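Commentary on secondary and tertiary structure
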Amino acid sequence: MGPPPDAATSKAPLHPTIVKKKLCLVGEEGVGKTSLIRRFVTGMFDDAYVRTLGAVATKRTIDLADSPLGPVQVDLVILDITGKRTFLDLFQEAYFKGAAGVLGVFDLTHRRSLDDLAPWIDGVREEVGRVPVVALGNKADLREKVEVHEREIGTVLGSRDVRTMKSSAKTGENVDDAFLGLTREMLAAR
Ligand code: GDP
Ligand code: MG
């Protein structure tokens, strides 16, 4: 049996490098972590508040044609966590182990969630070192309720070497940009 007749003319299949990366979400309960993952993975938003118990892993495969490593397929494992600090204290090591990047989420309509994000970020760095961190001010769609502004974000996070963005899991604003931008940074680091 010879090769199929069109073998000589068909293009060689592209074999992208496949890498597996772990991305962790942190931030207080109710800031929108689960909604952001849902939006990123399924493209949907649901107002029903389902409390996350423990830690939940979700997978999404991303093809990047122009990554720092050339064409890659990134098998992203996204870890969601319950917002309770007690959980972090107990499982910090297991949860963050091997994480290549962190999405730290706060709620633009609750000032306290920004202050509370700082110890989460410090906890991650303690565990995994200087991996890329993006701090996401979520619920940007609730414009009239927004009470956290650039200056406060700079005051709390300015010294922590994190990139900050604003997002809405409800409208989808900046959600892909946040996850994909972080993924690119994760590939560029190391
Ligand atoms: P988590 O505890 O951090 O996982 O937060 P959830 O994803 O469960 O969201 C908490 C609540 O905020 C839910 O009622 C969501 O529907 C709502 N929520 C999450 N993201 C947004 C957003 O971008 N805009 C608005 N308006 N509500 C959001
Ligand atoms: Mg949740």
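Data block above holds the structure.
The following refers to the structure shown. (Residues numbered from 1 in each chain as written. Chains lettered and ligands numbered in written order. Predicted model: local features only at pLDDT ≥ 70, side-chain atom pairs only at ≥ 80, totals over all residues. Heavy atoms only, no water.)

1. Notes on the overall build of the protein chain
Spelled out, the test is: What counts as a helix is a DSSP run of H or I of at least four residues, what counts as a strand is a run of E of at least two, and both are numbered from the N terminus. Buried, partly exposed and exposed residues are distinguished by accessible area as a fraction of the type maximum, computed with a 1.4 Å probe on protein chains only: under 20%, between the cut-offs, and over 50%, respectively. In what follows, a contact means two residues having at least one pair of non-hydrogen atoms within 4.5 Å.
When helices and strands are counted, the protein chain shows five helices and six strands. By the burial criterion, 44% of the 190 residues in the protein chain qualify as buried. Considering only contacts in the protein chain between residues 6 or more positions apart, those separated by 24 or more positions represent 77%.

2. Description of the packing of helix α3 (residues 111-128) against helix α4 (residues 150-157)
Our working definition: Think of each axis as a best-fit line through the C-alpha atoms, taken over the contacting stretch in the case of a helix, with angles from 0 to 180 degrees between the N-to-C directions. An angle below 35 degrees is treated as roughly parallel, one above 145 as roughly antiparallel, one from 65 to 115 as roughly perpendicular, and anything else as oblique. Handedness of a helix crossing follows the sense of rotation of the near helix relative to the far helix, less than a right angle counterclockwise being left-handed and clockwise being right-handed. Side-chain classes are defined by residue name, with Ala, Val, Leu, Ile, Met, Phe, Trp, Tyr, Cys and Pro counting as nonpolar, Asp, Glu, Lys and Arg as charged, and the others, Gly among them, as polar.
Direction vectors running N to C along α3 and α4 enclose 25 degrees, while the axes themselves pass 10 Å from each other. Between α3 and α4, the angle falls in the class roughly parallel. Crossing geometry of α3 relative to α4 is assigned as right-handed. Every residue of α4 that contacts α3 at R111, L114, D115, A118 and I121 is listed here: E152, I153, V156 and L157. Its residues assigned to classes, the contact of α3 with α4 comprises six nonpolar, no polar and three charged.

3. A few points about unusual backbone geometry
Notably, K139 is not glycine yet its phi reads approximately 75 degrees, a positive angle. Looking at the secondary structure, you find K139 in the loop between β5 (133-138) and α4. With relative accessibility at 24%, the residue K139 sits in the partly exposed group. In the Ramachandran plot, D161 falls in the positive-phi region, its phi being about 55 degrees despite a non-glycine side chain. Within the element layout of this structure, D161 appears in the loop between α4 and β6 (163-166). A relative accessible area of 53% places D161 in the exposed class.

4. Remarks on helix α1 (residues 33-42)
Which entries qualify depends on this criterion: Note: the arc covers the axis-to-C-beta directions of the helix.
For α1, the complete set of buried residues consists of K33, L36, I37, R39 and F40. The buried residues of α1 all sit within an arc of 160 degrees when viewed along its axis, so they share a single face. Contact partners of the buried residues in α1: β1 (17-26), β2 (55-67), β3 (70-81), β4 (99-107), β5 and α5 (175-188). Note on α1: the residue one or two positions beyond its end, G43, has a positive phi of about 75 degrees.

5. Considerations on the site of ligand 1
Put simply, the rule is: Whether a residue is near a molecule or strand is decided by its heavy atoms; if any one of them lies within 4 Å of it, the residue is near. Polar contacts here mean pairs of N or O atoms no more than 3.5 Å apart (in protein, one a potential hydrogen donor and the other a potential acceptor; neighbouring residues in sequence count only if both atoms are side-chain atoms). Surface accessibility follows the Shrake-Rupley procedure with a 1.4 Å probe radius. Residue values consider only the protein chains on display as shielding.
The full set close to ligand 1 counts 19 residues, and G30, K33, S35, D141 and A169 are the nearest of them. Note that an oxygen atom of ligand 1 is positioned 3.4 Å from one of the side-chain N or O atoms of S168. Here ligand 1, which alone exposes 580 Å², has 90% of that area covered by the protein. If one sorts the elements of the shell around ligand 1 by residue count, α1 sits on top with three residues. Considering only residue class, the shell around ligand 1 consists of five nonpolar, six polar and eight charged.

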